[in-house]
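Geometric and topological summary
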Amino acid sequence: MNGKTAIQMQNVTRDIIGESAQMQEVFRSVELVAPTEATVLITGETGVGKEIIAQAIHDNSPRKNAPFKVINCGAFAPELIQSELFGHEEGAFTTAIRKHRGIFQQANGGTLFLDEVSEMSPEVQVKFLRVLEQQEFSPVGGEEIIEVDVRVVAATNRNLKTAVTRKRFREDLYYRLNLFRIQIPPLRNRRSDIAPLAHDFVSQLSENYDKSITGIAQEAIRYLQNINWYGNVRELRNVIETALIFAEGEELKKEDIETAVENLNEPDEHADTHAEEFRDSFAAEAAPVQAPNRAPNVISEDVRDRLLELVQAGTLSEITSYISLMRYEAEIPHYPKRDIAKRLQISVPTLDKYCALAEEST
């Protein structure tokens, strides 16, 4: 296995760029789970590439020659998502002018990727659980029992365990989905992947703009590696594509990247109001504290410095994006919430305030 494709020997249909140790672990998980029939839950922030990993699981499974279907559960109104998933009979509701096959039927024999699975309403969650357990369902407005053979790969950018605690997601469905979990780390936590990703995007996209750009200047690469990429791989791709439009030479220069970043950077008009709400509470708790044995806490200076920087001068989107990272780390058994709060030298209630704001902004 090399750093570019997840599993070469199985003819993956898409290249997956990842030279970092973290992504190699993701690739290893794909290798292990793909040949099985296990339900898979992929977690990670928006833009990290969850659909590509789901595609790799399908492409390396015995179902690779059957359909791979994708649905974003957050893209449909609550009254329509059941129809999209399970289909409907003619006349089932006002706009049901003809019979419709849902995506579960369309994916029969293959794999169904359910993105933003946390956005399902409680009613849909009940019906979805039945499909997972019995591989059967009834269309909206119908009584016929339809049997299917579908492998489910689900994804979310939210903490499902927190959603269960807040009664927003069924506990039994959570445990049914969380059979085998693959967590994709954010791009800012695997900076060694930025350069190969950027080069690959240049190769992919330069032809789209009829430009013979063959590379990226080393100064531009260093600039890219110093950006935190809260929009992850998707944001990096957008910046490279925009930079290609501005570029005039045979390689992308630092100036092209800077212009692209500035072009895509939309200010948050509510930043001052919301950021100010948290500065006082954070500042009060940011002074050094000691453990009961009088030994100072061991914290990650880069994490603490970044959060302090954002609280003092950051926008709402920057603050909540960073706290989203903390929220995801809280889901990892090795990083419980209390340890994250301790590492940041703030209280758990203050961390909860940030998490709640992040929840509202997603």
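Everything here concerns the structure above.
Residues numbered from 1 in each chain as written. Predicted model: local features only at pLDDT ≥ 70, side-chain atom pairs only at ≥ 80, totals over all residues. Heavy atoms only, no water.

Brief notes about the sheet that holds strand E7 (residues 180–183)
Strand order in the open sheet formed by five strands is E2-E3-E6-E1-E7, with parallel pairing between adjacent strands. Each having just a single partner strand, strand E2 (68–72) and E7 make up the two edges of the open sheet. On average, each strand axis in the sheet is inclined to that of its neighbour by 20 degrees, with strand direction left out of account. In the sheet, strand E1 (residues 40–43) pairs with strand E6 (residues 151–156) via four bridges, with the strands oriented parallel. Paired with Ile42 across the strands is Ala155, a residue of E6. Each of E1, E2, strand E3 (111–115), E6 and E7 is contacted by helix H2 (residues 50–59), which is oriented at about 155 degrees to E1, the strand it contacts most. (Pairing = 2+ DSSP bridges. Helix = DSSP H or I, 4+ residues; strand = E, 2+ residues; numbered from the N terminus. Axes fitted to C-alpha atoms, helices over the stretch in contact; angles between N-to-C directions. Contact = heavy atoms within 4.5 Å.)

Focus on the packing of helix H3 (residues 78–86) against helix H5 (residues 122–134)
Packing of H3 against H5 leaves a shortest axis separation of 10 Å and a crossing angle of 15 degrees. Classified by the interaxial angle, the pair formed by H3 and H5 is roughly parallel. Classified by chirality, the crossing of H5 by H3 is left-handed. Residues Ile81, Gln82, Leu85 and Phe86 of H3 form the contact with H5, whose participating residues are Glu123, Val124, Lys127, Phe128 and Val131. Of the residues assigned to the contact of H3 with H5, the class counts are six nonpolar, one polar and two charged. (Parallel < 35°, antiparallel > 145°, perpendicular 65-115°, else oblique. Left-handed = near helix turned anticlockwise from the far one by under 90°. Nonpolar A, V, L, I, M, F, W, Y, C, P; charged D, E, K, R; others polar.)

Quick notes on the side chain of Thr43
By secondary structure assignment, the location of Thr43 is in strand E1. Accessibility expressed as a relative area gives 0% for Thr43, which makes it buried. Looking at Thr43, its side chain comes within polar contact range of the side chain of Gln183, at 3.4 Å. Once residues lying within four places of it in the same chain are set aside, the contact partners of Thr43 are Lys50, Thr156, Arg181, Ile182, Gln183 and Ile184. (Buried < 20%, exposed > 50% of the residue type's maximum accessible area, 1.4 Å probe, protein only. Polar contact = N/O pair within 3.5 Å; in protein donor to acceptor, adjacent residues only side chain to side chain.)

A short note on the nonpolar core
Core analysis: the largest hydrophobic core is formed by 31 residues, its most contacted members being Leu85, Phe104, Leu114 and Phe128. Put simply, the parts of the chain that give this core at least two residues each are H3, helix H4 (103–106), E3, H5, E6, helix H6 (160–165) and helix H7 (171–177). Among the elements that take part in this core, H5 stands out by supplying five residues, more than any other. When sequence neighbours within four positions are dropped, the list of residues in contact with Phe104 reads Leu85, Phe86, Leu112, Phe128, Val131, Phe137, Val148, Val150 and Val152. Leu187, Ala195, Val239 and Ala247 belong to the second-largest nonpolar core, a separate cluster that totals 27 residues. (Core = buried A, V, L, I, M, F, W, Y, C linked by side-chain atoms within 4.5 Å.)

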